[in-house]
Amino acid sequence: TKVLLTGGSGFIAAHALELLLHRGYEVVTTVRSEDKASKIREAHPGAKLTVAIVPDIAQPDAFDDVVQIPGIDYVLHTASPFHYKWKDAKSELLEPAIVGTTSILRAVKQYAPSVKRVVVTSSFASILNEAGLQDPNKVFSESDWNPNTYEDGITGTPATSYRVSKTLAEKAAWDFVANEKPNFDLATICPPLVFGPVVHHLNSLESINTSNGRFVDLVQGKWKEEIPPTGVYFWVDVRDVAAAHVNALEKTEAGGKRFFTVAPQAFSNQDIIAVVRKNFPEYEKNLPGDNVQGGGYPDGGVPKADNSRASKVLGIDWIPFEKSVVDTVKSLKPHGV
Ligand code: NDP
């Protein structure tokens, strides 16, 4: 059984790749450059793995060649910008996210009739709304959609632009299957902040993926005087996200559904500090003391998350917070923290 995995150089995709190979799938993965391709090949000697170069996913015909590799059964589309280093939201964020999604779906429909299902990595960003994030009585689930528009993505804060990129990419995917009625069906995975061990190649700690950046900052002492606000209080471990993607290929009943893959318990930056303090005495000198405020929960509490569909249909067991934090920090050590 052959799976096409886009964005194989990424944090989440590297775990999906490991799991796919572990479960015996043959994998074709795409990256932007030969340099990234060779790092992935080196990490998996002897694997049933092809690494292909797709330089720019924002081109409408970006995936036309790679999907013509014979016999692809499933597609996992993870490639999409998740960083705030762009200058122009339209060309560097919104287009790669939205056109990247429609271009792979169109290419599969046109050239890869063997594909049975496409799983798209969406995000809690496509579920949330700003008011709900402040409301302790709100329960977020797959029935919620982010109401922000393309215009908000151009004029809003960088966080809003990213959220719009994910929302409109996921909407475009559902619209595509509704309108084009392709041979394959669709499932989408919507994780909140993804924590967990780094298994992909990192050129340096500065190139840490966005959602793990806070662990690097903490152990390097950047929170010593001031703890940043937690932001969104929902998180999930990357190994559960990888399992959600692969299980979504394997479980018939996952077809046609979106999945809010979120760990059962909320977290705060204070909780991260407590776990690091308990497990890594070597970083004590870099941690904020008990007198440093911030990074906790709001007085009224935080909204809730309903992960019952992902638990039931995808069979996810949810890795606990302490394990996730400990394994994340351990994985950073070889990179020099
Ligand atoms: P990474 O930044 O590690 O991975 C992003 C991947 O997308 C990389 O392979 C990257 O390639 C590729 N990519 C980004 N922009 C482009 C582009 N313009 N053209 C081609 N490829 C591109 O982040 P994650 O692993 O965290 O993200 C993977 C997916 O998960 C994304 O869709 C993201 O939106 C989603 N997600 C992530 C969450 C998180 O907290 N981590 C939460 C919810 C969703 P390259 O290595 O060349 O940059």
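Our subject is the structure that appears above.
Since this is a predicted model, take the numbers as computed values, not measurements.

**As for the sheet that holds strand E3 (residues 49-53)**
- Reading across the sheet, the seven strands line up as E3-E2-E1-E4-E5-E7-E10 and stay open at both edges, with parallel pairing between neighbours. The outermost strands of the open sheet, each flanked by one partner alone, are E3 and strand E10 (258-260). Averaged over all neighbouring strand pairs, the angle between strand axes comes to 20 degrees, with direction disregarded.
- Sheet topology note: the strand E7 (residues 185-190)/E10 ladder contains three bridges and is parallel. Across the sheet, Thr188 pairs through a bridge with Arg258, a residue of E10.
- Against the sheet, helix H6 (residues 158-180) contacts strand E5 (117-121), E7 and E10, and its axis sits at roughly 165 degrees relative to E7.

**What about empty space enclosed by the protein?**
- Applying the stated criterion to the full structure yields two cavities of 30 Å³ or more.
- Put simply, the largest cavity is a space of about 40 Å³.
- Contributing to the lining of the largest cavity are His77, Thr78, Ala79, Ser80, Ala97, Thr101, Val120, Thr121, Lys166 and Ala169.
- Of all the secondary-structure elements, those providing two or more residues to the lining of the largest cavity are helix H3 (89-111), E5 and H6.
- Taken together, the residues that form the lining of the largest cavity break down as four nonpolar, five polar and one charged.
- Here the second largest cavity is characterised by a volume of approximately 30 Å³.
- What lines the second largest cavity is simply Leu133, Gly231, Val232, Tyr233, Phe234 and Pro303.

**Some remarks on the side chain of Ser126**
- Among the secondary structure elements, Ser126 is positioned in the loop between E5 and helix H4 (130-133).
- The class for Ser126 is buried, based on a relative accessible area of 0%.
- Within the structure, the side chain of Ser126 is placed 2.7 Å from the side chain of Glu170, a separation counted as a polar contact.
- With near-sequence residues (within four places) excluded, Ser126 lies in contact with Asp144, Trp145, Asn146, Lys166, Thr167, Glu170, Cys190 and Arg258.

**As for the site of the ligand**
- Taken together, 25 residues surround the ligand, and among them Ser9, Arg32, Tyr162, Lys166 and Val194 come closest.
- One of the side-chain nitrogen or oxygen atoms of Arg32 is found 2.7 Å away from an oxygen atom of the ligand.
- A distance of 2.7 Å separates an oxygen atom of the ligand from a polar side-chain atom of Tyr162.
- Surface burial for the ligand is 90%, taken as the share of its 880 Å² of free accessible area covered by protein chains.
- Sorting the residues of the shell around the ligand by element identifies helix H1 (11-22), H6 and strand E8 (193-195) as the ones contributing at least two each.
- Partitioning the shell around the ligand into residue classes produces twelve nonpolar, ten polar and three charged.

**Topic: the packing of H1 against helix H8 (residues 238-250)**
- Across the interface, H1 lies against H8 with an axial gap of 9 Å and an inter-helix angle of 55 degrees. Overall, the two elements H1 and H8 adopt an arrangement that is oblique. Seen from above, H1 lies across H8 with right-handed handedness. Counted together, Phe11, Ile12, His15, Ala16, Leu19 and Leu20 of H1 and Val238, Arg239, Val241, Ala242, Ala243, His245, Val246 and Leu249 of H8 form the full contact between these two elements.

What counts and how
- Residues numbered from 1 in each chain as written.
- Predicted model: local features only at pLDDT ≥ 70, side-chain atom pairs only at ≥ 80, totals over all residues.
- Heavy atoms only, no water.
- Pairing = 2+ DSSP bridges.
- Helix = DSSP H or I, 4+ residues; strand = E, 2+ residues; numbered from the N terminus.
- Axes fitted to C-alpha atoms, helices over the stretch in contact; angles between N-to-C directions.
- Contact = heavy atoms within 4.5 Å.
- 1 Å grid on protein atoms, 1.4 Å probe; cavity = no way out; pocket = protein on both sides within 12 Å on 5 of 7 lines; lining within 4 Å.
- Points joined across faces, edges and corners; volume = space filled by probe spheres on them.
- Nonpolar A, V, L, I, M, F, W, Y, C, P; charged D, E, K, R; others polar.
- Buried < 20%, exposed > 50% of the residue type's maximum accessible area, 1.4 Å probe, protein only.
- Polar contact = N/O pair within 3.5 Å; in protein donor to acceptor, adjacent residues only side chain to side chain.
- Near = heavy atom within 4 Å.
- Areas by Shrake-Rupley, 256 points an atom, 1.4 Å probe, with all protein chains shown as cover.
- Parallel < 35°, antiparallel > 145°, perpendicular 65-115°, else oblique.
- Left-handed = near helix turned anticlockwise from the far one by under 90°.

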